[in-house]
Amino acid sequence: MNKKIIVLFRNDLRLDDHPALWHAAKSGVILPVYIHNEQFSMCNTAQSFWTYYSLQNLQATLDDYNTQLILRKGEVISEVLQLAVDTEADAVYFNERFLPTERNEDEQLTNILQANNIEVKAFYGDSLFNLSNIQNQQNKPYAIFTSFYKRCLQEPVRKPLGQPTNIRAFPTKVSSLALEQLQLLHGNWYHKFHHYWNPGIDGAMEQWELFVEQGLFGYQDKRDYPAKETISKMSPFLAVGNISIRLLWATCQELIDDEDNAIFSQQIESFLRQLIWREFSIYQLLNYPTFSTDSLRSNFQHFEWEPHSIRLEAWKTGQTGYPLVDAGMRELWETGYMHNRVRMVVASFLVKHLLQPWQEGYAWFEHTLVDFNAANNAMGWQWVSGTGIDSAPYFRIFNPSLQGEKFDADGAYIKKWVPELALLPAKYIHAPQTAPTAILEQAGITLGDTYPLPIVDHKTARARALERYNAIKKA
Ligand SMILES: Cc1cc2nc3c(=O)[nH]c(=O)nc-3n(C[C@H](O)[C@H](O)[C@H](O)COP(=O)(O)OP(=O)(O)OC[C@H]3O[C@@H](n4cnc5c(N)ncnc54)[C@H](O)[C@@H]3O)c2cc1C
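Calculation rules
- Residues numbered from 1 in each chain as written.
- Predicted model: local features only at pLDDT ≥ 70, side-chain atom pairs only at ≥ 80, totals over all residues.
- Heavy atoms only, no water.
- UniProt positions renumbered as here; feature names shortened; annotations may be inferred.
- Salt bridge = Lys/Arg side-chain N within 4 Å of Asp/Glu carboxyl O.
- Buried < 20%, exposed > 50% of the residue type's maximum accessible area, 1.4 Å probe, protein only.
- Near = heavy atom within 4 Å.
- Polar contact = N/O pair within 3.5 Å; in protein donor to acceptor, adjacent residues only side chain to side chain.
- Areas by Shrake-Rupley, 256 points an atom, 1.4 Å probe, with all protein chains shown as cover.
- Helix = DSSP H or I, 4+ residues; strand = E, 2+ residues; numbered from the N terminus.
- Pairing = 2+ DSSP bridges.
- Axes fitted to C-alpha atoms, helices over the stretch in contact; angles between N-to-C directions.
- Right-handed = clockwise from strand over helix to strand, strands pointing away.
- Core = buried A, V, L, I, M, F, W, Y, C linked by side-chain atoms within 4.5 Å.
- Contact = heavy atoms within 4.5 Å.
- Parallel < 35°, antiparallel > 145°, perpendicular 65-115°, else oblique.
- Left-handed = near helix turned anticlockwise from the far one by under 90°.
- Phe/Tyr/Trp six-rings, centres within 6.5 Å; stacked < 30°, edge-to-face > 60°.
- Disulfide = S-S within 2.5 Å.
- pLDDT = per-residue confidence, 0-100.
- Expected span 1.5 Å × (residues − 1).

- Within an unreviewed UniProt entry, the label attached to the chain reads Deoxyribodipyrimidine photo-lyase, and the organism entered is Lysinibacillus varians.
- Here the chain is described in UniProt, under the heading Cofactor (unreviewed entry), as follows: "FAD".
- Here is the UniProt Sequence similarities (unreviewed entry) comment for the chain, exactly as written: "Belongs to the DNA photolyase family."

Here it is in structure tokens:
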């Protein structure tokens with residue numbers, strides 16, 4: 001009963017429904033540990049801001065149990081082994097992860113610890129379903145989302161475990177680095193993120209309750225409109241595990257089961273469907289280990305991209321002359337987040353209008369998104385680029401101006417993030433170059449000076465992209 005157990009915290013920075021912690025708390029005394037590996041976790045990203053404040057919040061929550069979170073920096077396997085030896089730990093518990101590099105690391109860690117007679121227990125990680133059990137009738141991975149989705153709905157989702165009632169710390173003191181020594185924060189780019197987010201366990205619960213109260217019951221109808229705040233914004237909390245995906249699922253199921261909510265069940269189910277998109281992305285990462293680096297459709301190896309640093313920079317900085325694209329890219333830089341509809345439009349624009357390899361977009365999102373997640377990011381880019389399985393066909397090319405007219409009809413989203421267009425009437429806001437000179441003057445806009453002219457012409461860019469695509473179709 002008094003086993004000494006090290007519990008590793010990685011992308012599960014919470015106490016609630018944390019299987020490794022839950023089982024360790026029942027079996028002995030605990031040493032909670034977080035090891036920052038600069039090699040794997042990219043430094044100086046928007047997500048390191050999130051991790052920093054999540055760790056701060058996790059430590060504060062553990063204080064209630066008189067337990068210290070031990071922080072270390074360096075190579076994970078040797079750090080864990082050293083800690084286990086120094087503290088005479090009997091066991092190391094952790095929740096599984098999904099990235100190939102992480103799975104490899106966990107496997108090596110397990111082997112080394114076991115070779116040193118230290119028990120290792122790995123618990124199922126942050127997915128709703130046991131994805132390794134999900135295969136089609138030919139015992140192959142599902143390639144179509146709808147079939148995968150229907151299959152998932154037949155699988156049980158384990159109820160969330162809650163928070164351990166008691167956590168008992170190791171009896172002896174163990175040295176820890178101070179949070180600052182992990183050097184997660186560099187420069188001051190992300191200070192402004194505090195205006196928009198409250199990372200950590202408490203912030204996750206607040207955000208979730210707010211969404212259930214104000215967004216969930218209208219989710220399906222409004223989720224595509226970036227100016228309407230009816231999406232959950234749970235993605236950054238899920239990315240580092242401030243909240244359990246199973247808790248979101250269980251809350252929604254309870255609401256669906258409540259007869260008073262019968263007329264809203266479709267809205268709630270639509271939200272659950274998005275959670276299964278998240279499962280589908282993890283599933284692809286598990287089945288295709290190079291998912292986040294290589295196009296799954298092999299004919300794209302022959303695609304003639306046009307790497308171009310000036311175009312790429314214009315896209316990154318929101319200076320393309322396409323207002324919806326620019327609004328999205330500036331929202332991203334300002335807040336570390338971008339609405340899903342706009343992510344699809346900016347991604348399509350980069351890959352198809354500007355002919356930049358999708359991996360460039362993936363890398364920029366990895367750097368700037370507070371919700372960066374390799375599986376979702378890879379699926380998003382491969383879906384838009386037409387390079388993935390069950391993805392949008394390459395020849396379907398979004399017209400960014402029409403997307404704006406459809407999903408931001410009055411231009412409220414654009415006006416918020418591209419303020420130099422704020423005085424332009426809605427009729428012209430999605431394509432300022434079509435506005436008469438007098439209207440531009442009244443709105444204080446000089447195209448090419450206060451706001452860029454379109455970096456490429458839509459029709460020409462579309463034709464060029466289709467030409468390139470036809471070339472690989474024949475290859
Ligand atoms: C090019 C591109 C890149 C993306 N990169 C990421 C990324 O790095 N991290 C990330 O979490 N999501 C990514 N997405 C998916 C999606 O845009 C975000 O999950 C969503 O915008 C997050 O906002 P939300 O939490 O308010 O979502 P909601 O609409 O409230 O959905 C709830 C949850 O469902 C899941 N979800 C919703 N849409 C998707 C989707 N299309 N694919 C997978 N899961 C989904 C997310 O976990 C999300 O938090 C990307 C999409 C595209 C097109």
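## Topic: the pattern of salt bridges
Then step 1. What the rule picks out here adds up to 18 salt bridges.
Then step 2. A salt bridge links Glu 229 to Lys 233; its shortest N-O distance comes to 3.5 Å.
Then step 3. The class for Glu 229 is exposed, based on a relative accessible area of 53%.
Then step 4. By relative accessible area, Lys 233 is classed as buried at 17%.
Then step 5. One salt-bridge network, held together by shared partners, links Arg 14, Asp 17, Asp 126, Arg 158 and Arg 246.

## What to know about the site of the ligand
Then step 1. If you check the shell around the ligand, you find 27 residues, and the closest are Tyr 219, Ser 232, Lys 233, Tyr 337 and Asn 340.
Then step 2. Tyr 219 is positioned such that a nitrogen or oxygen atom in its side chain is 2.6 Å from an oxygen atom of the ligand.
Then step 3. Contact between the ligand and Asn 376: an oxygen atom at 3.0 Å from a side-chain N or O atom of the residue.
Then step 4. Alone, the ligand offers 820 Å² of accessible surface; in the complex the protein occludes 95% of this.

## Topic: the side chain of Arg 246
Then step 1. Tracing the backbone shows Arg 246 in helix 9 (residues 245–257).
Then step 2. Among the residues examined, Arg 246 registers a relative accessible area of 3% and is labelled buried.
Then step 3. In terms of polar contacts, Arg 246 uses its side chain to reach the backbone carbonyl oxygen of Gly 125, at 3.1 Å.

## A word on the sheet that holds strand 1 (residues 3–9)
Then step 1. Pairing in this open sheet of 5 strands is parallel, and the strands run 3-2-1-4-5 from one edge to the other. Two strands in the sheet have a free side with no partner beyond their single neighbour: strand 3 (70–73) and strand 5 (119–123). Each strand of the sheet is rotated relative to its neighbour by a mean of 25 degrees, with strand direction disregarded.
Then step 2. By the bridge criterion, 7 bridges tie strand 1 to strand 2 (residues 28–36) in an arrangement that is parallel.

## Details of the pairing of strand 4 (residues 91–95)
Then step 1. Of all 5 residues that make up strand 4, 5 are buried, and the element is covered over most of its length.
Then step 2. Neither face of strand 4 is open: one carries Ala 91, Tyr 93 and Asn 95, the other Val 92 and Phe 94, and all of them are buried.
Then step 3. Bridging between strand 4 and strand 5 involves 5 bridges; their strand directions are parallel. When the sheet's bridge partners are listed, Tyr 93 is paired in strand 5 with Lys 121.
Then step 4. For the handedness criterion, the β-α-β arrangement of strand 4, helix 4 (residues 100–115) and strand 5 is classed as right-handed.

## Comments concerning the nonpolar core
Then step 1. Counting residues in hydrophobic clusters, the biggest one holds 133 residues, and the most contacted among them are Phe 148 and Trp 315.
Then step 2. No other element matches helix 10 (residues 265–287), which puts 9 residues into this core.
Then step 3. In this view, Trp 315 contacts Thr 320, Val 325, Met 329, Val 346, Phe 349, Leu 350, Leu 354, Gly 361, Trp 364, Phe 365 and Trp 381; residues no more than four positions away in its chain are not counted.
Then step 4. With 21 residues, the next largest nonpolar core counts Val 29, Val 76, Leu 83 and Ala 84 among its residues.

## Digging into the packing of helix 9 against helix 10
Then step 1. Two elements in contact, helix 9 and helix 10, have axes whose closest approach is 10 Å; the angle formed by their N-to-C orientations is 160 degrees. Relative to helix 10, the element helix 9 is oriented roughly antiparallel. Pair helix 9 / helix 10 crosses with left-handed handedness. In this structure, helix 9 uses Ile 245, Leu 248, Trp 249, Cys 252, Gln 253, Leu 255 and Ile 256 to contact helix 10, whose residues at the interface are Ser 265, Ile 268, Glu 269, Phe 271, Leu 272, Leu 275, Ile 276 and Arg 278.

## Points about the packing of aromatic side chains
Then step 1. Per the stated rule, a full pass over the model turns up 43 aromatic pairs.
Then step 2. Pairing Trp 50 with Phe 237 gives two aromatic rings, centres 5.0 Å apart and planes at 80 degrees, and the pair type is edge-to-face. One end of the pair, Trp 50, is in helix 2 (residues 46–63); the other, Phe 237, is in helix 8 (residues 235–240), and 187 residues separate them in sequence.
Then step 3. Given the relative accessible area of 0%, Trp 50 is considered buried.
Then step 4. With a centroid separation of 6.3 Å and 20 degrees between ring planes, the pair formed by Phe 280 and Tyr 283 is classed as stacked.

## Section: the state of the cysteines
By definition, a disulfide links the sulfur atoms of two cysteine residues through a covalent bond.
Then step 1. Within this structure, the stated rule accounts for 0 disulfides.
Then step 2. Cysteine Cys 152 remains unbridged, with the sulfur of Cys 252 as its closest cysteine sulfur at 16 Å.
Then step 3. You can call Cys 152 buried: its relative accessible area is 1%.
Then step 4. Look at Cys 252 and you get buried, because its relative accessible area is 0%.

## Section: the confidence of the model for the chain
Then step 1. In this model, the chain carries an average pLDDT of 95, and 98% of its residues clear a pLDDT of 70 or more.
Then step 2. Across the interface, the model reports ipTM at 0.99; the global pTM reads 0.97.

## Some words on the pairing of strand 1
Then step 1. Burial of strand 1 is extensive: 6 of the 7 residues sit out of reach of the surface.
Then step 2. Between strand 1 and its parallel partner strand 2, the chain crosses via helix 1 (residues 19–27), and the hand of that crossover is right-handed.
Then step 3. The pairing of strand 1 with strand 4 spans 3 bridges and is parallel. Opposite Val 7, over in strand 4, you have Tyr 93 as the bridge partner.

## A look at helix 3 (residues 76–87)
Then step 1. For helix 3, which comprises 12 residues, the first-to-last C-alpha distance of 16 Å matches the rise-based estimate of 16 Å (1.5 Å per residue) to within 8%.
Then step 2. Listed in full, the buried residues belonging to helix 3 are Val 76, Ile 77, Glu 79, Val 80, Leu 83, Ala 84 and Thr 87.
Then step 3. On its buried side, helix 3 packs onto strand 1, strand 2, strand 3, strand 4 and helix 4.
Then step 4. Just downstream of helix 3 lies Glu 88, where phi reads positive at about 55 degrees.

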